[in-house]
Amino acid sequence: MQLAPSLLTADFTRLGAEVEAAFEAGIRWLHLDVMDGRFVPNLSFGPLVIRALQPIAQHYGAILDAHLMIVEPERYLADFVAAGCDYLTIHAEATPHTHRAVQTIHELGAKAGVALNPGTPLGTLEALLPDLDLALIMTVNPGFGGQRLIHNCLAKVAQLDAWRTQQSRSDLLIQVDGGVNAQTIADVQRAGADLAVVGSALYQPNQTVTEALTMLRTALASG
């Protein structure tokens, strides 16, 4: 399972250095939490910040994965692809035209993902699966870092993994976001996830990124 650092809890006064530290430690997938203050309470950043990080990611051969926690994401898809995003993940709850938005992402040349909040039934994704490159299961309610993982959400991950096997969709990536740390990461892997988003467990004032990653990888190996 790959680890995907989220920038939400990084030091924004030295964002480039924080990203480089993760890449130097072997990370090759960067999770970009975009918040609009409407779909979720907080505001974060947009295409301009991502555009500034894109040359760093390109240098390391890393993936830029934008998690769009915004209403009407279809209005901004072209901007995020132009900024250098490889994957765009929209929320099923944020638009009445999820399938159309997925098609648009592909037409723009990026990979398409759809995210589900904890209270959204997994069946919402079922009809979309043939067209998805990534499915994101939220294991916290989105909008804030540092929350505890909602363990019953991992049942969705396991069911999604079973659907993937039944449909011979080994190319579909399953991502988990929320409350992933050294105590929960092995459970996330056992449920069937390919990508685990890590934020507050990675960027801590009393640890380097390398030290935090070592702890997470040790927990994965022993789990």
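Residues numbered from 1 in each chain as written. Predicted model: local features only at pLDDT ≥ 70, side-chain atom pairs only at ≥ 80, totals over all residues. Heavy atoms only, no water.

### Here's the deal with the nonpolar core
Where a protein is soluble and globular, its nonpolar side chains tend to be buried together.
Then comes step 1: With 69 residues, the main nonpolar core has Leu-7, Phe-23, Ile-50, Leu-68, Leu-88 and Leu-125 as its most contacted residues.
Then comes step 2: Looking at which element gives the most residues to this core, the answer is helix H8 (residues 209–222), with 6 residues.
Then comes step 3: For Leu-68, the residues in contact, after removing those within four places along its chain, are Val-34, Pro-73, Leu-77, Phe-80, Leu-88, Thr-89, Ile-90 and His-91.
Then comes step 4: Listed in part, the 10 residues of the second largest apolar core include Ala-4, Trp-29, Leu-134 and Met-138. (Core = buried A, V, L, I, M, F, W, Y, C linked by side-chain atoms within 4.5 Å. Buried < 20%, exposed > 50% of the residue type's maximum accessible area, 1.4 Å probe, protein only. Helix = DSSP H or I, 4+ residues; strand = E, 2+ residues; numbered from the N terminus. Contact = heavy atoms within 4.5 Å.)

### What to know about the environment of Ile-185
Then comes step 1: Within the fold, Ile-185 resides in helix H7 (residues 185–191).
Then comes step 2: Ile-185 gets classed as buried once you look at its relative accessible area, which sits at 0%.
Then comes step 3: Between the C-alpha atoms of Ile-185 and Leu-216, which are 31 residues apart in sequence, the distance is 7.3 Å.

### What to know about helix H2 (residues 47–60)
Then comes step 1: A rise of 1.5 Å per residue sets the reference length of H2, with its 14 residues, at 20 Å; its end C-alpha atoms lie 20 Å apart and thus fit the reference within 8%.
Then comes step 2: Along H2, the positions that sit buried rather than exposed are Ile-50, Leu-53, Ile-56, Ala-57 and Tyr-60.
Then comes step 3: For H2, the elements touching its buried residues are helix H1 (15–24), strand E2 (29–35), strand E3 (63–69) and helix H3 (77–82).
Then comes step 4: Directly after H2, the chain includes Gly-61, whose backbone phi takes a positive value near 65°. (Expected span 1.5 Å × (residues − 1).)

### What to know about helix H6 (residues 154–166)
Then comes step 1: For H6, which comprises 13 residues, the first-to-last C-alpha distance of 19 Å matches the rise-based estimate of 18 Å (1.5 Å per residue) to within 8%.
Then comes step 2: Along H6, the positions that sit buried rather than exposed are Leu-154, Lys-156, Val-157, Leu-160, Trp-163 and Arg-164.
Then comes step 3: Looking at the packing, one finds that the buried side of H6 touches helix H5 (123–126), strand E6 (134–138), strand E7 (173–177) and H7.
Then comes step 4: Just beyond H6, the residue with positive phi is Ser-168, at close to 55°.

### Here we look at the UniProt feature "binding site: a divalent metal cation" (unreviewed entry) in the protein
Then comes step 1: Residues given the UniProt feature "binding site: a divalent metal cation" (unreviewed entry) here are His-31, Asp-33, His-67 and Asp-177. A stretch of 147 residues holds the annotated residues, and the largest C-alpha distance among them is 10.3 Å, short enough that they meet in one place. Checking the named residues against the largest pocket, the ones that line it are Asp-33 and Asp-177.
Then comes step 2: Tracing the chain through its elements places Asp-33 in strand E2.
Then comes step 3: Once residues within four sequence positions are removed from consideration, Asp-33 is found in contact with Ser-6, Leu-8, Ser-44, Phe-45, His-67, Met-69 and Asp-177.
Then comes step 4: Within the structure, the side chain of Asp-33 is placed 3.0 Å from the side chain of His-31, a separation counted as a polar contact.
Then comes step 5: Following the sequence through the fold, His-67 ends up in strand E3.
Then comes step 6: His-67 has contacts with His-31, Leu-32, Asp-33, Val-34, Thr-89, His-91, Ala-115, Leu-136, Met-138 and Asp-177, leaving out every residue within four places of it along the chain. (UniProt positions renumbered as here; feature names shortened; annotations may be inferred. 1 Å grid on protein atoms, 1.4 Å probe; cavity = no way out; pocket = protein on both sides within 12 Å on 5 of 7 lines; lining within 4 Å. Polar contact = N/O pair within 3.5 Å; in protein donor to acceptor, adjacent residues only side chain to side chain.)

### Some points on the UniProt feature "binding site: substrate" (unreviewed entry) in the protein
Then comes step 1: As annotated in UniProt, the feature "binding site: substrate" (unreviewed entry) corresponds to Ser-6, His-67, Gly-143, Phe-144, Gly-145, Gly-146, Asp-177, Gly-178, Gly-179, Gly-199 and Ser-200 in the numbering used here. Lining the largest pocket, from the residues just named, are Ser-6, Gly-143, Phe-144, Gly-145, Gly-146, Asp-177, Gly-178, Gly-179, Gly-199 and Ser-200.
Then comes step 2: Look at Gly-145 and you get partly exposed, because its relative accessible area is 47%.
Then comes step 3: Within the secondary structure, Gly-199 is located in the loop between strand E8 (195–198) and H8.
Then comes step 4: In this structure Gly-199 comes out as buried when scored by relative accessible area, which is 15%.

### Here's the deal with the environment of Leu-149
Then comes step 1: Positionally, Leu-149 belongs in the loop between E6 and H6.
Then comes step 2: On the accessibility criterion, Leu-149 (10% relative accessible area) is buried.
Then comes step 3: Along the backbone, Leu-149 and Ala-186 are 37 residues apart, and their C-alpha atoms lie at a distance of 12 Å.

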